[in-house]
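Tertiary structure, described
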There are 2 protein chains.
Amino acid sequence: PKNSFTKGVEIARQTKKIGQDDPRRVIHSLKLGLALTLVSLFYYFQPLYKNFGVSAMWAVMTVVVVFEFSVGATIGKGLNRGLATFIAGALGVGAHYLASMTGKVGEPIFIGLFVFLQAAVTTFIRFFPKVKARYDYGLVIFILTFSLVSISGFRTDEILDLAHKRLSTILVGASTCVIVSIFVCPVWAGEDLHNLVADHLEKLGNFLEGFGEEYFAGSVEAEFKDNKSFLVGYRSVLNSKTTEENQANLARWEPGHGKFMYLHPWEQYLKIGALTRKCACRIEALNSYLNSEIKAPEEVFQKVQEICTIMSKESGQALKELSLAIGTMTKPSSPNRHIVNSTTAAQNLESLLKSGSWEDINLRQLISVAAVASLLIDIVISVEDIAESVTELAT
Amino acid sequence: PKNSFTKGVEIARQTKKIGQDDPRRVIHSLKLGLALTLVSLFYYFQPLYKNFGVSAMWAVMTVVVVFEFSVGATIGKGLNRGLATFIAGALGVGAHYLASMTGKVGEPIFIGLFVFLQAAVTTFIRFFPKVKARYDYGLVIFILTFSLVSISGFRTDEILDLAHKRLSTILVGASTCVIVSIFVCPVWAGEDLHNLVADHLEKLGNFLEGFGEEYFAGSVEAEFKDNKSFLVGYRSVLNSKTTEENQANLARWEPGHGKFMYLHPWEQYLKIGALTRKCACRIEALNSYLNSEIKAPEEVFQKVQEICTIMSKESGQALKELSLAIGTMTKPSSPNRHIVNSTTAAQNLESLLKSGSWEDINLRQLISVAAVASLLIDIVISVEDIAESVTELAT
């Protein structure tokens, strides 16, 4: 019993954390409950549908499967479901009609053939990446509805009556979802993508801002000890591709909202995201030097150290400024002061290195500093690319 | 018309490519068609269900939504659907019974309350990462079934009859899916994960094997020109996290098959995958030096060049050997000859650099070689980690 008690405490703790990490999750749960209750009570009270669970069922089913976390996902699924049901229903009636003309023997054969063919073809179409991104759910519903209608064995006029009822219930369900998701504390996929991209830039910026001191000074540990989170924040950026692409796909379904117009250039965020990941990969390589034991002797490298610290700090600040520019949807100042500073520092570093006043150096000690300097130069280039991309977004 | 003709050609070309990239996609489409046709004809011919679309409908629906590309996904969805329907159905009957005891006025209120509460709570549970990974679909079906049963307004004995019919049709649908997916050209998620991890190691190996020559010789371009694919293969590794985690989740549902026992240590593949991505990130950093214009003058760096080429080649071969060991499920030879060689080379490099016979060097020219050498040292360490992890998998 004690074991299960600690387990219960653990679950309670986790529940609290999940709710606190993103309070919109709690709101989303309540919203789904609301939409479902609205639809089910509507059908419960309709005397027309009393004791006739089938139609109400379709509305309830639609709400459960269509209601998603973001507005974009909800609209996308709703449209997919509605359109697919309509088209597949019409084609299914046609197939059923064709098959029934072939007589009692031919009918099941032809129906089997039609069902097989459309299922196989539609399933294959689902593998097209572009189709999968936007219409995957619609194709599933297409297979479903087509099969149901063509094998139902009803007469054509019965089917039409059924189709009318089913479409209208789906319409009720889907529009309840869309209305609740838009008007009760909406969660916009586009806004999430926007914030995510800005947040990632800020995380990289935080790392770079702190990196120089952390690496070269090395001994600030005691001071920062309980606040090293800025050194690991960049990691979540590395694996963000799927999330970002998903959000961009969903955002395309959304109407204009807040600061975003309909058909906001969501692809541009993906470009910035890709550049950000590239930069994060370089930061990952940089990070491995933080924990390496071989540090350069301070006397010789003071000059390098100074310049590298500037490069790291300035490019970090540049990223944070870009993040802010995205956040506030303003055009980033151009030329950006921090980028200019970091580029100048990179040039200084290059000429310093070229000057060649480096005799009697233990190369093994140089090598890690050299690698860091080289990575920092690459990062400065990365930051310039990102800045360009952000500017493009703002125009 | 010409425009739509070229578009048609483009679609045909893409269709062919999608089929050729993975012929199992074509087979999967046919399998779904087969399962669907089997189930629909079964219900079409059953005189019991003639003109009674509802029950047949549930079997068809189950097939369409449960049949997935891999066996693991199909079994997972089938079990989720079956269990969730059963549990939610039982609870729904209970809720309906409780609500009906409160009389004509209380009933709709209580039913609304129950539906709201269970929908909100279950939706929130879906946010738990561990639950989402394995039981997400089950929870959706739970909400669906519970709501349907509790608002259906049937009498309890009617509900039991309906529940029996529905469960049995779902059983027929789900088992058809599982049987077809296991016995007709099965696609195992576990095997896919296994091959994916091995394939990723091989891609990194290919890069490293070729990198040394490519970077230091520089002029082999003419020779290799049309076969540079080994230099970009590693990129697909960088974003593989989501895919691998998905596959591992699905693989857990699968029974033993081929070389894999039930409950094969799939997590170990995720560990190897994470290390592989870390290594790929370093390779990405390395790759940026391939196209940089500043190359070291050959006279001075001949020694470094030689050792780096050995490190790169040997660690590449080590990775390819590990990939092969995974592929054939044998224990990698230990100590691995290539790893020993690359570690020795790394040590030689360190002592060479320490010897300090490096006067009159243009540091700017050194710096990129130094960075490459340093990254290669890190990569050798990465490869050792991977080797350890692969050995652990084999035992």
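Scroll up a little and you will see the structure.
In this report, the structure presented in the accompanying data block is examined. (Residues numbered from 1 in each chain as written. Chains lettered and ligands numbered in written order. Predicted model: local features only at pLDDT ≥ 70, side-chain atom pairs only at ≥ 80, totals over all residues. Heavy atoms only, no water.)

Side note on the state of the cysteines
Taken as a whole, this structure holds one disulfide over all chains when the rule is applied. Between the sulfur of A:C281 and that of B:C281 lies a disulfide, 2.3 Å long from S to S. Taken as a pair, A:C281 in helix α12 (residues 266–290) and B:C281 in helix α12 (residues 266–290) lie in two separate chains rather than in one. The exposure classification of A:C281 matches that of B:C281, with both residues buried. Here A:C308 is not cross-linked by a disulfide; its sulfur's nearest cysteine counterpart is in A:C279, at 15 Å. (Disulfide = S-S within 2.5 Å. Helix = DSSP H or I, 4+ residues; strand = E, 2+ residues; numbered from the N terminus. Buried < 20%, exposed > 50% of the residue type's maximum accessible area, 1.4 Å probe, protein only.)

Quick notes on the packing of aromatic side chains
As enumerated under the stated definition, the model contains 20 aromatic pairs over all chains in all. Summarising the aromatic geometry, the rings of A:F207 and A:Y234 are spaced 5.2 Å apart at their centres and angled 70° between planes, so their arrangement reads as edge-to-face. With A:F207 in helix α8 (residues 189–217) and A:Y234 in the loop between α9 (221–224) and α10 (235–238), the pair connects residues that are 27 residues apart, well separated along the chain. Across the pair, exposure class does not vary: A:F207 and A:Y234 are buried alike. Grouped by ring-pair contacts, the aromatic residues A:F69, B:F124, B:F127 and B:F128 constitute a single cluster. Here the basic side chain of A:R134 rests over the ring of A:W253, its NZ or CZ set 4.4 Å away from the ring centre. (Phe/Tyr/Trp six-rings, centres within 6.5 Å; stacked < 30°, edge-to-face > 60°. Lys NZ or Arg CZ within 6 Å of the ring centre and 35° of its normal.)

Quick word on the pattern of salt bridges
Residue and element names in this part refer to chain B. Under the definition given, this model contains 24 salt bridges over all chains. In this structure, the salt-bridge partner of R13 is E10, at a minimum N-O distance of 3.0 Å. In this pair, R13 and E10 are both assigned in helix α1 (residues 2–21), three residues apart and thus about one turn of the helix distant. Take R13: its relative accessible area is 46%, and that puts it in the partly exposed class. Judged by relative accessible area, E10 falls into the partly exposed class, the value being 36%. Note that D136 and K132 form a salt bridge whose closest N and O atoms lie 3.5 Å from each other. Here K132 and D136 lie together in helix α6 (residues 129–151), a separation of four residues that amounts to about one turn. Residue class for D136 comes out buried when judged on its relative accessible area of 19%. Residue K132 is classed as partly exposed on the basis of its relative accessible area of 43%. (Salt bridge = Lys/Arg side-chain N within 4 Å of Asp/Glu carboxyl O.)

Focus: the packing of helix α4 (residues 71–100) of chain B against helix α5 (residues 103–125) of chain B
The N-to-C vectors of α4(B) and α5(B) enclose an angle of 145°; their axes lie 7 Å apart at closest approach. Each of B:A95, B:H96, B:L98, B:A99 and B:S100 in α4(B) lies in contact with α5(B), whose residues at this interface are B:G103, B:E107, B:F110, B:I111 and B:F114. (Axes fitted to C-alpha atoms, helices over the stretch in contact; angles between N-to-C directions. Contact = heavy atoms within 4.5 Å.)

Some remarks on a nonpolar patch on the surface
On the surface, a cluster of nonpolar side chains totalling about 500 Å² of accessible area is made up of A:V105, A:I109, A:F110, A:L113 and A:L117. Position of A:L113 relative to the elements: it lies in helix α5 (residues 103–125). (Patch = residues over 30% accessible without salt bridge, like charges linked within 9 Å, V, L, I, M, F, W, Y side chains within 5 Å. Areas by Shrake-Rupley, 256 points an atom, 1.4 Å probe, with all protein chains shown as cover.)

Notes on the nonpolar core
One finds A:L286, A:M311, B:L286 and B:M311 to be the most contacted residues of the largest nonpolar core, which totals 112 residues. Excluding residues that lie within four positions of it along the chain, B:L286 makes contacts with B:F207, B:L208, B:F211, B:V372, B:L375, B:L376 and B:I379. (Core = buried A, V, L, I, M, F, W, Y, C linked by side-chain atoms within 4.5 Å.)

Everything listed here is a matter of geometry and, on its own, says nothing about what the molecule does.
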